[in-house]
Protein chains: 2
Amino acid sequence: MQAAKTSTRRLKLSGNALRNRSSRRPTTVQASTSQARDRPHFPCVEAHAVRESRIRSSRSSISSSTTTSSHAGPEPAYARPSPTSYKTYHHDQPLPLSYSEPLPSVDIAYETWGTLSPAKDNVILLHTGLSASSHAASTDLNPTEGWWENFIGPGRALDTNQFFIICTNVLGGCYGTTGPSSIDSTTGQPYATRFPVISIFDMVRAQFALLDHLGIEKLYASVGSSMGAMQSLAAGWLYPERVGKVVSISGTARSSPSAIAMRFAQRSVLMADPNWNNGFYYDGLPPHTGMKLARQIATITYRSGPEWDQRFGRKLRRLSKSTEEGDSNSHLPRVPALCPDFLIETYLDYQASFSYPRLAGESFCLKYDANSLIYISKAMDVFDLTRPGIDELRLTPPQPRTSPPPLPPSMSSHPSSPTHSHYHWLLSHSKSHPPPPNPPAHLHELAEGLRPLSNTPVLVLGVQSDILFPVEQQREVADALRMTGNQMVSYYELGGVWGHDTFLLDVQNVGGAIRGFLA
Amino acid sequence: MQAAKTSTRRLKLSGNALRNRSSRRPTTVQASTSQARDRPHFPCVEAHAVRESRIRSSRSSISSSTTTSSHAGPEPAYARPSPTSYKTYHHDQPLPLSYSEPLPSVDIAYETWGTLSPAKDNVILLHTGLSASSHAASTDLNPTEGWWENFIGPGRALDTNQFFIICTNVLGGCYGTTGPSSIDSTTGQPYATRFPVISIFDMVRAQFALLDHLGIEKLYASVGSSMGAMQSLAAGWLYPERVGKVVSISGTARSSPSAIAMRFAQRSVLMADPNWNNGFYYDGLPPHTGMKLARQIATITYRSGPEWDQRFGRKLRRLSKSTEEGDSNSHLPRVPALCPDFLIETYLDYQASFSYPRLAGESFCLKYDANSLIYISKAMDVFDLTRPGIDELRLTPPQPRTSPPPLPPSMSSHPSSPTHSHYHWLLSHSKSHPPPPNPPAHLHELAEGLRPLSNTPVLVLGVQSDILFPVEQQREVADALRMTGNQMVSYYELGGVWGHDTFLLDVQNVGGAIRGFLA
């Protein structure tokens, strides 16, 4: 009896239990009320119900103040960026898809930085990662910091004095470009999981529809990190003559089983949330608990064990003063909580300490669309530039480019000896390592698949502490490209403990490599 | 319209949607019935509801055939091993706990192999990992294979011709030893989350209560892998004079933030399952969905990326014949499913291919107690043998042993020159590396904490592909032990791609190292 009482006392009780969970609770034989009152409760679990009740009350205040049509439910919990903060191109022609009949039309939302040159030859297409929006850096329309704020601007890695940079919101996302939350004109309802499964190639096709609309025939470069690196490689692959250079940072040419496993775990917890409702939640409550849990798993893959060792170690969260006073009277040590207790746990739970502008924690689970996460993470899983992967998609590989690599816009504006500069440029890029002498079989398949990129300069950059896109995958991309005969492969590996997130944080090294490659 | 229809057609529909999920679905504005009928559905999500309905119907058939008292609900979904398949010791004295007042009494369930010598000097205490039971190998009482079947027996790593092996079910578990699902005698109900938070030390204290009962004063060796390695080190630490040798395989002396992060993710998805009900589900439905999702995450940490590359690569599950025929008429490629599609996903989802006898997949989520998972994984997180960790627990470190290491039972039965053998033994174990010349600060803290083990022979074995207990943690245990002045540290690192699970699979190398160390 003593032990049970002690344990109850010491289980870090705080806040009030939410009694009203009946709508989500299965029917059970309930213990007597007095016993139920003594039960421990768990703030980390109650947080889900608190969030849900907050959403409900904000919904009811919206619906009581607006007239809702039969088709228009209350506002979605994820708020799209204001349509005034980006431009939108409505592409009213069919967009071909890898796995399905074309989408009849699509919207493509995008932002730009710098000035388009009269010859339209200074364009860099920047691709986003999974959950990032087109807001890579602040603009006049939207002065808040972007996710690559310090990489874009005058004199920065993507130099706005020199380049015109375009970043699109990705097909399948929820920031203005067509995705599962968009209205299907044939039903007047959001697509939800009636949206077709899409591929990284489909995302790139949508981007090039925008480039066509803008009259941009050739890109100076295609640049991306993480999933953006997949898009960047896919752009160079699909349109060899239209892409001058390719930058692939912490990406891959084919998703590995371990990366698929981590994304599968995220999709599983999300789809198991009863609110997900097979994807049809747009008139109801979003699967915010599943999103939160998925985000926690994802966050584990974005940094590295060594970083956590340095940053958190085994430190515990600070207890409130009253709790600590309570404990100091005991002859027993502080009792661990079953809810988050170590700093690493509170970091994953709240992500309050996330300082860089990727959508974080609570914000993420309410503002990002769950179906977008599912569709886009699936597109990453199925990405495969090996020859068998290309054949599976029934794609005919285009011929490698025959045109020479582009001159930097600053040089092309000086008519003096472009041939010599060009020659010099090629020389400086032909110092890359030779291909591996005895490559394993899978590298041959990848090299076969990457042949359309064999004449395109490619920068491959990886990070040794990355557990999501491990450095072995970076090496295999560089090696396979060299095996195609490509002599314009630049390859860098970075150290440090920031793992996959290095591309967001290491302006010095990541930015420097990009600047050098684009010059 | 075409795209939407196509997408619906191609979303791998199979099985019937379960309509009756109202008890778990929040109130939503429902679309019209005809529209709802067209909606895609997802077998991987429906599986949760199917399992729940299976549990419900098995419950109702049980309760209709039995008379239930007011306190006794239907059978728990997790079936304890038959009490006839193991022995149980009822310890009717208080068991001291690290964080709370003592438990007034505990049951300790255990199994044994081999024969106890008249001098009771041939005992090996084998510790289990998180979810394993005492059934390490087949016995007369229970002839099914155990989780270490090939490591225990005549001539095997734990040689039953020589040793008497005891394996207990762990405190906090659900296999007969007291845990959260046990009946609290003060309430007549299961403890649930009124069970006190426990430590690895508490588990070891329960084991030694059993040894006292059996009249076993000294162990020849304490042997464990994974969490069992933590217990093994803790046993040698708590009772230096009572533990002859310590074997620690793929364990750690202090959990790392990245291991805590992975277990935190598991607890989070489990505790978010509405069925968990703050731990009070014993009268209702268990949180089987949360358990399944937690298990998926855990499984990711048990193997390695290289193993999945070799074993699954990017292979897809085989489609049913009808689906394949359907697709072959299309000009489009096979559409990926949002439910598990890659073999790595089906492996994580079903674990049907698990051939070794750890509780797997479906079986795990129904047969293992969710609260046991929470309490035991928390005990792993808080395990910390550094000096600050020991001080936090207000433990007084015992003095290192003064008695010499034990002689092998076969030698002690031959009275010829035990002194010489002993000397020889010491020599053969003093060849270990010297301690590191310039150890970092954290190693000093660990060495300070490990001082009680400074005269105990310890085998530390790690696996280079282990991502849960990485090899750096194995090295730090061995280094810190050597820094205590311990000259009897044997240290091995294994290669291979089996990751953390190597200890279950690699009889040749793991078994060989143990056999050599125990001889």
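Because the structure is a prediction, the values reported are computed rather than measured.

Reading the values: the criteria
Residues numbered from 1 in each chain as written. Chains lettered and ligands numbered in written order. Predicted model: local features only at pLDDT ≥ 70, side-chain atom pairs only at ≥ 80, totals over all residues. Helix = DSSP H or I, 4+ residues; strand = E, 2+ residues; numbered from the N terminus. Buried ≥ 20, exposed ≤ 12 C-beta atoms within 10 Å, placed from the backbone. Contact = placed C-beta atoms within 7 Å. Axes fitted to C-alpha atoms, helices over the stretch in contact; angles between N-to-C directions. Left-handed = near helix turned anticlockwise from the far one by under 90°. Nonpolar A, V, L, I, M, F, W, Y, C, P; charged D, E, K, R; others polar. Pairing = 2+ DSSP bridges. Expected span 1.5 Å × (residues − 1). UniProt positions renumbered as here; feature names shortened; annotations may be inferred. Arc of directions from axis to C-beta. pLDDT = per-residue confidence, 0-100. Core = buried A, V, L, I, M, F, W, Y, C linked by C-beta atoms within 7 Å.

A. The arrangement of the overall build of chain A in detail. Scanning chain A for helices and strands turns up 19 helices and 12 strands. A buried classification covers 53% of the 519 residues belonging to chain A. A fraction of 75% describes how many contacts in chain A between residues 6 or more apart in sequence connect residues 24 or more apart.

B. Highlighting the packing of helix α16 (residues 441-449) of chain A against helix α17 (residues 471-483) of chain A. Residues and elements named next belong to chain A. It is at 8 Å that the axes of α16 and α17 come closest, and there the two elements cross at 65°. Viewed along their axes, α16 and α17 form a crossing whose handedness is right-handed. Contacts between α16 and α17 involve Leu-443, Leu-446 and Ala-447 from the former and Glu-476, Asp-479, Ala-480 and Met-483 from the latter. For the contact of α16 with α17, the per-class residue count stands at 5 nonpolar, no polar and 2 charged.

C. Focus on the pairing of strand β2 (residues 106-113) of chain A. Residues and elements named next belong to chain A. Of all 8 residues in β2, 7 are buried, a share of seventy percent or more. Note that strand β1 (residues 87-91) and β2 share 5 bridges and pair antiparallel. Its bridge partner lying in β2, Thr-88 is registered against Ala-109. Examined bridge by bridge, β2 and strand β6 (residues 164-168) share 4 bridges and lie antiparallel to one another.

D. Helix α5 (residues 227-238) of chain A, seen in detail. Residue and element names in this part refer to chain A. Between its first and last C-alpha atoms α5 spans 16 Å; for 12 residues at 1.5 Å apiece the expected length is 16 Å, and the two agree. Looking at α5, one finds that the buried residues are Met-227, Gly-228, Ala-229, Met-230, Gln-231, Ser-232, Leu-233, Ala-234, Ala-235, Gly-236 and Trp-237. Here the buried face of α5 lies against β3 (123-127), α4 (200-213), β9 (219-225), β10 (243-249) and α12 (370-381).

E. Quick peek at the sheet that holds strand β11 (residues 458-463) of chain A. Residues and elements named next belong to chain A. With respect to topology, 8 strands assemble into an open sheet ordered β1-β2-β6-β3-β9-β10-β11-β12, the strand pairing being mixed. The outermost strands of the open sheet, each flanked by one partner alone, are β1 and β12 (489-494). Averaged over all adjacent pairs, the angle separating strand axes in this sheet is 20°, with direction ignored. With 4 bridges joining them, β3 and β9 adopt parallel strand pairing. Looking across to β9, one finds that His-127 is bridged to Gly-224.

F. Seen up close, the sheet that holds strand β9 (residues 221-225) of chain B. Residues and elements named next belong to chain B. Read across the open sheet, the 8 strands follow the order β1-β2-β6-β3-β9-β10-β11-β12; overall the sheet is mixed. With one partner strand each, in any of the chains shown, β1 (87-91) and β12 (489-494) form the two edges of the open sheet. Looking at each pair of strands side by side, their axes are set apart by 20° on average, direction ignored. Relative to strand β10 (residues 246-249), β9 runs parallel, the two sharing 4 bridges. If you follow Ser-225 over to β10, its bridge partner there is Ile-249. Its contacts with the sheet place helix α5 (residues 227-238) against β3 (123-127), β9 and β10, and it is angled at close to 155° to β9. In this fold helix α17 (residues 471-483) packs onto β10, β11 (458-463) and β12, with an angle of close to 160° to the strand it touches most, β11.

G. Quick look at the UniProt feature "active site" (unreviewed entry) in chain A. All names here are of chain A. Within the UniProt annotation, "active site" (unreviewed entry) is assigned to Ser-226, Asp-466 and His-500. Of the residues just listed, which span 275 residues, no C-alpha pair is farther apart than 10.7 Å, and they cluster in one region. If sequence neighbours within four positions are ignored, Ser-226 has contacts with Gly-129, Leu-130, Ser-250, Gly-251, Phe-469, His-500 and Phe-503. Inspection of the secondary structure puts Asp-466 in the loop between β11 and α17. Those residues in contact with Asp-466 that lie beyond four places of it in its chain are Ser-250, Val-471, Gly-499 and His-500.

H. Representation of helix α16 (residues 441-449) of chain B within the structure. Residues and elements named next belong to chain B. Along α16, the residues classified as buried are Leu-446, Ala-447 and Gly-449. When α16 is viewed along its axis, its buried side chains cluster within an angular range of 160° and face the same direction. On its buried face, α16 is in contact with α13 (387-392) and α17.

I. Summary view of the confidence of the model for chain A. Residue and element names in this part refer to chain A. Averaged over all residues, the pLDDT of chain A equals 84, while 79% of them reach at least 70. Contacts of residues 1-32 to residues separated by more than four positions or lying in other chains number 65 contacts, the stretch itself having pLDDT below 50. Scored below 50 in pLDDT, residues 321-327 shows 3 contacts in the model against residues more than four places distant or in partner chains. For this predicted complex, the interface confidence score (ipTM) comes to 0.85, while the overall pTM stands at 0.87.

J. The nonpolar core, seen in detail. Within the largest apolar cluster, 276 residues are counted, with the highest numbers of intra-cluster contacts made by Ile-124 and Ile-165 of chain A together with Ile-124 and Ile-165 of chain B. Considering every element that reaches this core, the biggest residue donor is helix α6 (residues 257-272) of chain A, with 9 residues.

K. Summary view of the pairing of β9 of chain A. All names here are of chain A. Of all 7 residues in β9, 7 are buried; the element is thus mostly enclosed. As paired elements, β9 and β10 share 6 bridges and run parallel to each other. For Ser-222, the partnering residue across the bridge sits in β10 and is Val-246.

L. Inspection of unusual backbone geometry at higher detail. Backbone geometry places Ser-250 of chain A, a non-glycine residue, at a positive phi of 50°. Mapped onto the elements of the fold, Ser-250 of chain A is located in the loop between β10 and α6. With a phi angle near 60°, Asn-278 of chain B is a residue other than glycine that sits in the positive phi range. In this structure, Asn-278 of chain B sits in the loop between α6 (257-271) and α7 (288-302).

M. Examining the environment of Leu-233 of chain A more closely. Residues and elements named next belong to chain A. As for its position among the elements, Leu-233 is in helix α5. C-alpha separation for the pair Leu-233 and Leu-385, spaced 152 residues apart in sequence, amounts to 8.9 Å. What Leu-233 contacts, discounting residues up to four positions off in sequence, is Val-246, Ser-248, Gly-251, Ala-253 and Leu-385.

N. Quick look at the environment of Tyr-220 of chain B. Residues and elements named next belong to chain B. Note that Tyr-220 resides in the loop between α4 (200-214) and β9. The sequence separation of Tyr-220 and Leu-125 amounts to 95 residues, and the corresponding C-alpha distance is 8.3 Å. Setting aside anything within four residues of it in sequence, one finds Tyr-220 in contact with Asp-121, Asn-122, Val-123, Ile-124, Phe-163, Gly-244, Lys-245, Pro-406 and Pro-409.

O. Here's a closer look at the environment of Ser-199 of chain A. Residues and elements named next belong to chain A. With respect to the helices and strands, the residue Ser-199 is situated in the loop between β8 (189-190) and α4. Ser-199 gets classed as buried once you count the C-beta atoms within 10 Å, which come to 26. Considering only alpha carbons, one finds Ser-199 and Asp-381, 182 residues apart in sequence, at a separation of 9.2 Å. The contacts of Ser-199, once residues within four sequence positions are left out, are Ser-98, Tyr-99, Ala-379 and Val-382.

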